[in-house]
Amino acid sequence: MLAHDPFGYLVDAARDYGGLVRMRLGPATVYLVSDPAHVRHILVDNHANYWKGPILRGIKLIIGDGIFGSDGQLWQRQRRLMSPAFHRPRLTAMIGVMTDVVEAATVRWNDRIVRKTPVDMLEEMVPINIEIVLRTLFGTSIDYSEIAKLRAASDVIFHHSEKLVFSFFLPMRIPRPGHRHFITALSVVDEVVDRIIAERRRDPADRGDLLSMLLLAHDDEGTQRAMDDRQVRDEVMSILMAGYESTAAALGWTWYLLSQHPDADARLQTELDSVLGGRVPSLQDLPRLVYTRQVISESLRLYPPFPTFFRTSYGRDQLGSYNLPPGAALIISPYVTHRLTEHWPDPEEFDPMRFDADHSTDRPNEAYYPFGLGRRLCIGANLSLLEQQVVVATVAQRFDREIASGYVLEPHYDIALRPRNGVPMMLTPR
Ligand code: HEM
């Protein structure tokens, strides 16, 4: 089912059978949820009846008990502890790092621009994002060749994660094809994670960033017991795995979509010229980059980097007229919801004006959730949106961009949704 054009299949299933569809996944029964009212019920109103569940068992081989896959009290404690690292004052202090990192990246593209060879605008977003996550949250940085190694290893891990998730009904002790490759890749990322943590332990002064929050945490009873090494490792791994690939994919999609919609690109340039006039964006500029933000929102609607995520019910529940059994495995899909014609007319059309103030009130809030909803809303959503605005504004006002001739888009899904062959573009300085 999920092998060939999986998302076309899911969109058709929702159109034909509605916002809750019971389907087979191998020997297992799963439910595809896309109706905004059901999504709200599961993630917000009755969230206590749902946990991440056995579908995420495979992901735990990677992130252990990290925040992304944990539940109950452990999750609550970790979320409370980590949230301040993503609050507004900390985010605004990150803008300088973001602009520095993007500027340095554009210098790396110079020789390709001069030689008139394409720059892959998906691939190039990855080191930008790794660097931003490492510097802003963990106060460290790694060199370019190490970034490439980390990237290659994460690719293997993502690819294997997809197999693990969609064969969740098999015991985890049965190795899936590619298991040894996966274990080797995991050890590469683990080495980087261990080094980041060891470096900070040698110089443990409180820097107010996420890593300090993890390392200097005490438990709620104030017994001064620090978080154990394994938990710190699981959290750093969770943030790395959830953090950079998703934003890089989002930016890759935005560059692709702009290349296919010259009118939207022209409007974006007009806004950037009038608000920034060639400067890098500052905190004060960002609220004025309204159309830039709409472009980003529309890109996340069409191609949410996590097009599906998962829950399992503890007890029975009522979803509309349907009686959901206990232990039901749910695939919740923003990709599908974002294409429901009752909320999104001409859903395949790229139209950033859907997100202007006048049109945004036409639909329920839950018709749009690229970052999830409710208590488990993406902890990095605001960081990611800020970063996307900074990257799009900085790069777009510096270069005209054209997709390489002969390029054919092929979406590719392995937990994250990305263009399979990257986004090769010819860049011309403006
Ligand atoms: C475009 C970029 C991103 C997208 C589309 C995205 C999407 C999501 C979604 C849909 C969830 C909810 C999953 C669920 O409810 O099961 C989530 C959770 C999470 N995301 Fe993101 N994310 C992005 C960027 C980031 C960044 C930059 C970070 C960190 C630096 C991050 C860290 C996390 C974490 C830790 C969670 C788990 C939160 C919890 O369960 O309390 N994400 N993300």
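Residues numbered from 1 in each chain as written. Predicted model: local features only at pLDDT ≥ 70, side-chain atom pairs only at ≥ 80, totals over all residues. Heavy atoms only, no water.

In the nomenclature of an unreviewed UniProt entry, the protein chain is known as Cytochrome P450 of Rhodococcus wratislaviensis. Taken verbatim from the UniProt record of the protein chain, the Cofactor (unreviewed entry) comment is "heme". (UniProt positions renumbered as here; feature names shortened; annotations may be inferred.)

Draft legend 1. Region of interest: the overall build of the protein chain. Helix and strand content of the protein chain: 16 helices and twelve strands. Against the globule reference of 22 Å for 430 residues, the protein chain gives a C-alpha radius of gyration of 21 Å, in line with a compact fold. Along the longest, intermediate and shortest principal axes, the C-alpha atoms of the protein chain span 60 × 55 × 40 Å. The proportion of buried residues among the 430 residues of the protein chain is 57%. (Helix = DSSP H or I, 4+ residues; strand = E, 2+ residues; numbered from the N terminus. Rg over C-alpha atoms; globule rule 2.2 N^0.38 Å. Buried < 20%, exposed > 50% of the residue type's maximum accessible area, 1.4 Å probe, protein only.)

Draft legend 2. Local environment of the packing of aromatic side chains. Tallied over the full model, the rule gives 15 aromatic pairs. Between the aromatic rings of Phe68 and Phe306, the centroid separation amounts to 6.3 Å while the plane-to-plane angle is 55°, which identifies the pairing as tilted. Pair noted here: Phe68 is in the loop between helix H3 (57–63) and helix H4 (72–82) and Phe306 is in the loop between helix H14 (290–302) and strand S5 (309–313), with a separation of 238 residues, a long-range link. Look at Phe168 and Phe169: their rings are 5.6 Å apart centre to centre, the planes differ by 65°, and that puts the pair in the edge-to-face class. An aromatic cluster is built from Phe7, Phe166, Phe310, Tyr335 and Tyr413, whose rings are joined through pairwise contacts. (Phe/Tyr/Trp six-rings, centres within 6.5 Å; stacked < 30°, edge-to-face > 60°.)

Draft legend 3. Representation of the sheet that holds strand S3 (residues 50–51) within the structure. The five strands lie next to each other as S1-S2-S8-S5-S3, forming an open sheet whose pairing is mixed. Since the sheet does not close on itself, it has two edges, and those belong to strand S1 (20–25) and S3, each with one partner. The sheet contact formed by strand S2 (residues 28–33) and strand S8 (residues 329–332) spans four bridges and is parallel. The residue of S8 that forms the bridge with Leu32 is Ile331. Against the sheet, helix H1 (residues 6–17) engages S1 and S2, with an angle of about 135° to S1. (Pairing = 2+ DSSP bridges. Contact = heavy atoms within 4.5 Å. Axes fitted to C-alpha atoms, helices over the stretch in contact; angles between N-to-C directions.)

Draft legend 4. Looking closely at the pattern of salt bridges. Scanning all chains against the criterion turns up 29 salt bridges. For Arg200, the salt bridge goes to Asp209, with nearest N and O atoms at 2.8 Å. Take Arg200: its relative accessible area is 4%, and that puts it in the buried class. Note that Arg420 and Glu410 form a salt bridge whose closest N and O atoms lie 2.8 Å from each other. With a gap of ten residues between them, Arg420 in the loop between strand S11 (416–419) and strand S12 (424–429) and Glu410 in the loop between strand S9 (399–403) and strand S10 (411–414) connect regions that are remote in the sequence. Among the ionic contacts, a cluster of salt bridges with common partners joins Glu123, Arg151, Asp155, Glu245, Asp414 and Arg418. (Salt bridge = Lys/Arg side-chain N within 4 Å of Asp/Glu carboxyl O.)

Draft legend 5. Quick peek at helix H13 (residues 262–275). Its 14 residues place the ends of H13 20 Å apart at the C-alpha level, agreeing with the 20 Å of an ideal helix rising 1.5 Å per residue. Where H13 is concerned, the buried positions are Ala264, Asp265, Leu268, Gln269, Glu271, Leu272 and Val275. Considered in projection along H13, the buried side chains sweep an arc of 165° and stay on one side of the axis. Facing away from the buried side of H13, by more than 90 degrees, are the exposed residues Pro262, Asp263, Thr270 and Ser274. Of the surrounding elements, those touching the buried residues of H13 are helix H12 (229–260), H14, helix H16 (381–398) and S9. (Expected span 1.5 Å × (residues − 1). Arc of directions from axis to C-beta.)

Draft legend 6. Representation of the UniProt feature "binding site: heme" (unreviewed entry) in the protein chain within the structure. In this structure's numbering, the residues bearing the UniProt feature "binding site: heme" (unreviewed entry) are Cys378. Relative to the helices and strands, Cys378 is located in the loop between helix H15 (334–337) and H16. The contact partners of Cys378, leaving out residues within four places of it in the chain, are Arg79 and Phe371.

Draft legend 7. Highlighting the packing of H4 against H12. Look at H4 against H12: their axes get within 13 Å of each other, and the N-to-C directions meet at 70°. Classified by the angle between their axes, H4 and H12 sit roughly perpendicular to one another. For the pair H4 and H12, the crossing hand works out as right-handed. Every residue of H12 that contacts H4 at Leu74, Gln78 and Met82 is listed here: Gln231, Glu235 and Ile239. Of the residues in the contact of H4 with H12, the class split is three nonpolar, two polar and one charged. (Parallel < 35°, antiparallel > 145°, perpendicular 65-115°, else oblique. Left-handed = near helix turned anticlockwise from the far one by under 90°. Nonpolar A, V, L, I, M, F, W, Y, C, P; charged D, E, K, R; others polar.)

Draft legend 8. Spotlight on the sheet that holds strand S4 (residues 119–120). Strand order across the open sheet formed by three strands is S4-S12-S9, with antiparallel pairing between neighbours. Of all the strands in the sheet, just S4 and S9 have a single pairing partner and so form its edges. In terms of strand pairing, S9 meets S12 through five bridges, oriented antiparallel. Across the sheet, the residue bridging to Ile403 is Met425, located in S12. On the sheet, H16 packs against S9 and S12 and is oriented at approximately 90° with respect to S9.

Draft legend 9. Geometry of the side chain of Gln388. Within the secondary structure, Gln388 is located in helix H16. Judged by its relative accessible area of 1%, Gln388 is buried.

Draft legend 10. Expanded view of the site of the ligand. Contacts to the ligand come from 26 residues, most closely from Lys52, Trp75, Arg79, Arg376 and Cys378. Here Trp75 contributes a side-chain N or O atom positioned 2.7 Å from an oxygen atom of the ligand. At 2.8 Å, a side-chain N or O of Arg311 approaches an oxygen atom of the ligand. The element that contributes the greatest number of residues to the shell around the ligand is H12, accounting for six residues. Partitioned by chemical class, the residues of the shell around the ligand number 15 nonpolar, seven polar and four charged. (Near = heavy atom within 4 Å. Polar contact = N/O pair within 3.5 Å; in protein donor to acceptor, adjacent residues only side chain to side chain.)

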